[in-house]
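Spelled out from the first residue to the last, the chains are:
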Amino acid sequence: MITVRMAMARMFAIAALAVLAACSGTQDNASTRQLDVLLIPADGGTESGTLADYQPLFDAVGNMADLNFDLKVAQSYGAVVDAMCSGTADIAFVGPVTYLQAKERNCAELLAVAVEDGQSIYYAGLFARNDSTIQTLTDVRGKSVAFGDVNSTSSFIIPITMLMEASIDPVKDLGALRLTGTHANSLAALIEGRVDVAALSFDSYEKAVRSGIPGARDLRVVARSEAIPYPPLVMSSRLPDDLKQELRQAFKNVEKSPDIQPEMIRGYGGAQVDGYDTQFSSELFDSVARKMTRLSDELKGEILKKSSER
């Protein structure tokens, strides 16, 4: 028979166990550090594809540094800068221009840059369909062109300056001008015949070819940019210095992690890379900064206005 005293003792025991479990859970949560990662919508694939490209890398880094990473893909390049500066993102994969914008606002600093065959560079390009008469940059005059996000290095800033260097005014000398938001959308617009030319990175184009996107192989390169510093990983300036050092060390040695295979170390556009350089100099982005100065706010405004015309 269970007495009142026995029942009371049982209740206290259950309560004590509950308190211990709660304390244990709190300690476990406290020991698990989570960082929020935001990725630019920059490649030639899908949101799920972008996450799949980067998840293995961050899982390996997380295991090395005892961290959890919550990866999300942003809706625009500007959203990534805003997230870094508002403190809602701790780490971001960005384009060179996006990095410079965040750096100018003292929100972010370089974390790591991918290395492939000993280099950390990529290229922008202007593409046309094989059945087009467009062969060179001068042939783009009067034609309709698709660009990506206005803050994208390789689908907007660099291609626009390439046209300007060929004495083509992007507002006065082009036909219809479309801002599609992403490399993938610009590529689709070209393949489907909605524009004559599309501006995007070679990494995004090559990913579309690897993925078997219909029509991707039926395009030609009209012009290729000079080498651009590879899109970097950046971290919030607000992070503690010891955590910044942990992150740099983990990315520097990620290829040595027992949790990762070489094909799992990927970079921009899902391309396999050799590893990550955590000593990459920010001064190497100066060439991009100089390109940015050619696009004044007034010119950007005129381009936005022209892109809204139908």
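Thresholds applied
Residues numbered from 1 in each chain as written. Predicted model: local features only at pLDDT ≥ 70, side-chain atom pairs only at ≥ 80, totals over all residues. Heavy atoms only, no water. Pairing = 2+ DSSP bridges. Helix = DSSP H or I, 4+ residues; strand = E, 2+ residues; numbered from the N terminus. Axes fitted to C-alpha atoms, helices over the stretch in contact; angles between N-to-C directions. Contact = heavy atoms within 4.5 Å. Disulfide = S-S within 2.5 Å. Buried < 20%, exposed > 50% of the residue type's maximum accessible area, 1.4 Å probe, protein only. Phe/Tyr/Trp six-rings, centres within 6.5 Å; stacked < 30°, edge-to-face > 60°. Salt bridge = Lys/Arg side-chain N within 4 Å of Asp/Glu carboxyl O. Parallel < 35°, antiparallel > 145°, perpendicular 65-115°, else oblique. Left-handed = near helix turned anticlockwise from the far one by under 90°. Nonpolar A, V, L, I, M, F, W, Y, C, P; charged D, E, K, R; others polar.

### Observations concerning the sheet that holds strand β2 (residues 67–73)
Working step 1: Strand order in this open sheet of six strands is β2-β1-β3-β12-β4-β13, and the pairing throughout is mixed. Lying at the two open borders of the sheet, with one neighbouring strand each, are β2 and β13 (275–277). On average, adjacent strands in this sheet sit at an angle of 30° to one another, irrespective of strand direction.
Working step 2: Bridging between strand β1 (residues 33–39) and strand β3 (residues 91–93) involves three bridges; their strand directions are parallel. Bridge pairing links Val37 to Ile91 in β3.
Working step 3: Packing against the sheet, helix α8 (residues 241–252) makes contact with β1, β2, β3, β4 (108–115), β12 (233–236) and β13, and its axis sits at approximately 5° to β4.

### Digging into the state of the cysteines
Working step 1: Tallying each qualifying case throughout the model produces one disulfide.
Working step 2: There is a disulfide in this structure between Cys85 and Cys107, and the S-S distance comes to 1.9 Å. In this structure the cystine formed by Cys85 and Cys107 twists about its S-S bond by roughly 115°; its chirality is therefore right-handed. Here Cys85, found in helix α3 (residues 77–86), pairs with Cys107, found in the loop between α4 (96–104) and β4; they are 22 residues apart in sequence, far enough to count as distant. There is no split in this pair, since Cys85 and Cys107 are both buried.

### Topic: the packing of aromatic side chains
Working step 1: Considering all chains together, one arrives at twelve aromatic pairs under this definition.
Working step 2: Ring centres of Phe58 and Phe251 lie 5.6 Å apart, and the angle between their planes is 80°; this geometry places the pair in the edge-to-face category. Here Phe251 lies in helix α8 and Phe58 lies in helix α2 (residues 47–65), a separation of 193 residues in the sequence. Taken individually, Phe58 and Phe251 each receive the classification buried, so the pair is uniform in this respect.

### Points about the pattern of salt bridges
Working step 1: Following the criterion strictly, the structure yields 13 salt bridges and no others.
Working step 2: Measuring nitrogen to oxygen at the nearest pair gives 3.6 Å for the salt bridge that ties Glu165 to Arg294. On the criterion of sequence distance, the pair formed by Glu165 in helix α5 (residues 153–165) and Arg294 in the loop between α9 (286–293) and α10 (297–307) is long-range, its members being 129 residues apart.
Working step 3: Among the residues examined, Glu165 registers a relative accessible area of 47% and is labelled partly exposed.
Working step 4: When the shortest N-O distance is used, the salt bridge between Arg194 and Glu192 registers 2.8 Å. The burial state of Arg194 is the same as that of Glu192; both residues are exposed.
Working step 5: Among the charged side chains, a network of salt bridges with common partners joins Glu109, Asp241, Lys244 and Arg248.

### Thoughts on the packing of α2 against α8
Working step 1: Axis separation between α2 and α8 bottoms out at 9 Å; the angle between their running directions is 120°. By the angle between their directions, the pair α2 and α8 is classed as oblique. At the point where α2 passes α8, the crossing takes the right-handed sense. Only Glu246, Ala250 and Phe251 of α8 make contact with α2, whose side of the interface consists of Leu57, Phe58, Val61, Met64 and Ala65.
Working step 2: Of the residues that constitute the contact of α2 with α8, the class distribution is seven nonpolar, no polar and one charged.

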